[in-house]
Amino acid sequence: MREEIADVRQCLQTISRRSDGFIRFVTDFRNPTSIVVPQLTKFDVAELLKEVKPLMREQLLAN
């Protein structure tokens, strides 16, 4: 049960972070007077996949 709660917490944190990024994107996109230059950054793909895995657990188990 504790593991499931931890998974849910991690999923909610991931959704929250992704939502914040999406809201920033939409806000910037809607304001054509201030075109933002993308800031490319390196990131750890393994960490991204680790965050996505709990969100996709049901689909992964179904295949």
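Residues numbered from 1 in each chain as written. Predicted model: local features only at pLDDT ≥ 70, side-chain atom pairs only at ≥ 80, totals over all residues. Heavy atoms only, no water.

### A few points about the overall build of the protein
Looking only at helices and strands, one finds three helices and zero strands in the protein. For the protein, the N- to C-terminal ordering of α and β elements is α-α-α. For the protein, whose C-alpha radius of gyration is 16 Å, the value lies well above the compact-globule estimate of 11 Å for 63 residues. Evaluated residue by residue, the protein yields a buried proportion of 8% over its 63 residues. With 10 positive and 9 negative side-chain charges, the protein shows a spacing of 3 Å between the two charge centroids. (Helix = DSSP H or I, 4+ residues; strand = E, 2+ residues; numbered from the N terminus. Rg over C-alpha atoms; globule rule 2.2 N^0.38 Å. Buried < 20%, exposed > 50% of the residue type's maximum accessible area, 1.4 Å probe, protein only. Lys, Arg positive; Asp, Glu negative; His and termini not counted. Charge placed at Lys NZ, Arg CZ, Asp CG, Glu CD.)

### So, a nonpolar patch on the surface
A cluster of nonpolar residues, Val 8, Leu 12, Ile 15, Val 52, Leu 55, Met 56 and Leu 60, forms a patch on the protein surface that exposes about 580 Å² of accessible area. Put simply, the parts of the chain that give the nonpolar patch at least two residues each are α1 (2–30) and α2 (45–55). Relative to the helices and strands, Ile 15 is located in helix α1. (Patch = residues over 30% accessible without salt bridge, like charges linked within 9 Å, V, L, I, M, F, W, Y side chains within 5 Å. Areas by Shrake-Rupley, 256 points an atom, 1.4 Å probe, with all protein chains shown as cover. Salt bridge = Lys/Arg side-chain N within 4 Å of Asp/Glu carboxyl O.)

By themselves, these observations are geometric and do not establish any function.
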